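# Structural overview
Letter by letter, the chains look like this.
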Amino acid sequence: MPFFIIFILIPFIEIYVFLQVGDSIGIGTTLFLAFFTAVLGGIIIKYQGMATLQAVQNSLRHGQAPMAEIFDGFCLVAAGATLITPGFVTDTIGFLLLIPAVRTLIRTTIGKHMEMRSMHDINIDPDNPYSDQRDIHVIETEYTRVEDEDEHKP
């Protein structure tokens, strides 16, 4: 069914809407509007994508899982894909995905139907001292210093 919707139904709807808009405002204006929405959407996605990337970095810097930011990134990718697709229906979907409140609504709706768990909640055995997750910032390692032979030559 998703194949039918994506590759058959949506293109027919797009062609119908495109023809109706072309009859109303003219084909030249319709083509310009389709091109303009793609360019405008690309500019907005660029700035929102950079802001989302900074938010991911801030979350990671504070030791938090950037789940909301990653979801926003996926929504921005979907918005970009729909905005470069010529048509007004897909442009409407793309611009809706650019609105943070819409993304939050979608995220909370999906979140109600899914259970999210972090990696720290999985496989913790209270009888095993090595599975204790209280001190997750300690990393043990061994190293050997290797001198470059060229450093010692005059």
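Overview of the structure. (Residues numbered from 1 in each chain as written. Predicted model: local features only at pLDDT ≥ 70, side-chain atom pairs only at ≥ 80, totals over all residues. Heavy atoms only, no water.)

Here helix α1 (residues 2-25) spans 32 Å end to end across 24 residues, near enough to the 34 Å set by a 1.5 Å rise per residue. Helix geometry: α1 is bent most strongly at L9, by close to 35°, with proline P11 lying one to four residues after it. Listed in full, the buried residues belonging to α1 are E14, F18 and G22. Looking at the packing, one finds that the buried side of α1 touches α2 (27-61) and α4 (88-97). Count one or two residues on from α1 and you reach G26, which has phi positive near 100°. (Helix = DSSP H or I, 4+ residues; strand = E, 2+ residues; numbered from the N terminus. Expected span 1.5 Å × (residues − 1). Bend = angle between axes of the 7 residues up to and from the residue. Buried < 20%, exposed > 50% of the residue type's maximum accessible area, 1.4 Å probe, protein only. Contact = heavy atoms within 4.5 Å.)

Counting 8 residues, the largest nonpolar core is built from I45, F71, C75, L76, A79, L83, L97 and L98. Residue contributions to this core peak at 5 residues, all from helix α3 (residues 67-84). With residues up to four places along the chain from it excluded, the contact list for L98 reads G41, I44, I45, Q48, L76, A79, L83 and R103. (Core = buried A, V, L, I, M, F, W, Y, C linked by side-chain atoms within 4.5 Å.)

Bringing a nonpolar patch on the surface into the picture now. On the surface, M1, F3, F4, I5, I6, F7, I8, L9, F12, I13, I15 and L19 cluster together into a nonpolar patch covering about 1,200 Å² of accessible area. Within the element layout of this structure, L19 appears in helix α1. Classification of L19 as exposed rests on a relative accessible area of 52%. (Patch = residues over 30% accessible without salt bridge, like charges linked within 9 Å, V, L, I, M, F, W, Y side chains within 5 Å. Areas by Shrake-Rupley, 256 points an atom, 1.4 Å probe, with all protein chains shown as cover. Salt bridge = Lys/Arg side-chain N within 4 Å of Asp/Glu carboxyl O.)

The next point concerns the packing of α3 against α4. Close contact between α3 and α4 brings their axes to 8 Å; oriented N to C, the two are set at 155°. Regarding the angle of α3 to α4, the classification is roughly antiparallel. Considering how the two elements wind past one another, α3 and α4 form a crossing that is left-handed. Residues C75, A78, A79, T82 and L83 of α3 touch α4, and the partners they reach there are T90, D91, I93, G94, F95 and L97. Partitioning the contact of α3 with α4 into residue classes produces 7 nonpolar, 3 polar and 1 charged. (Axes fitted to C-alpha atoms, helices over the stretch in contact; angles between N-to-C directions. Parallel < 35°, antiparallel > 145°, perpendicular 65-115°, else oblique. Left-handed = near helix turned anticlockwise from the far one by under 90°. Nonpolar A, V, L, I, M, F, W, Y, C, P; charged D, E, K, R; others polar.)

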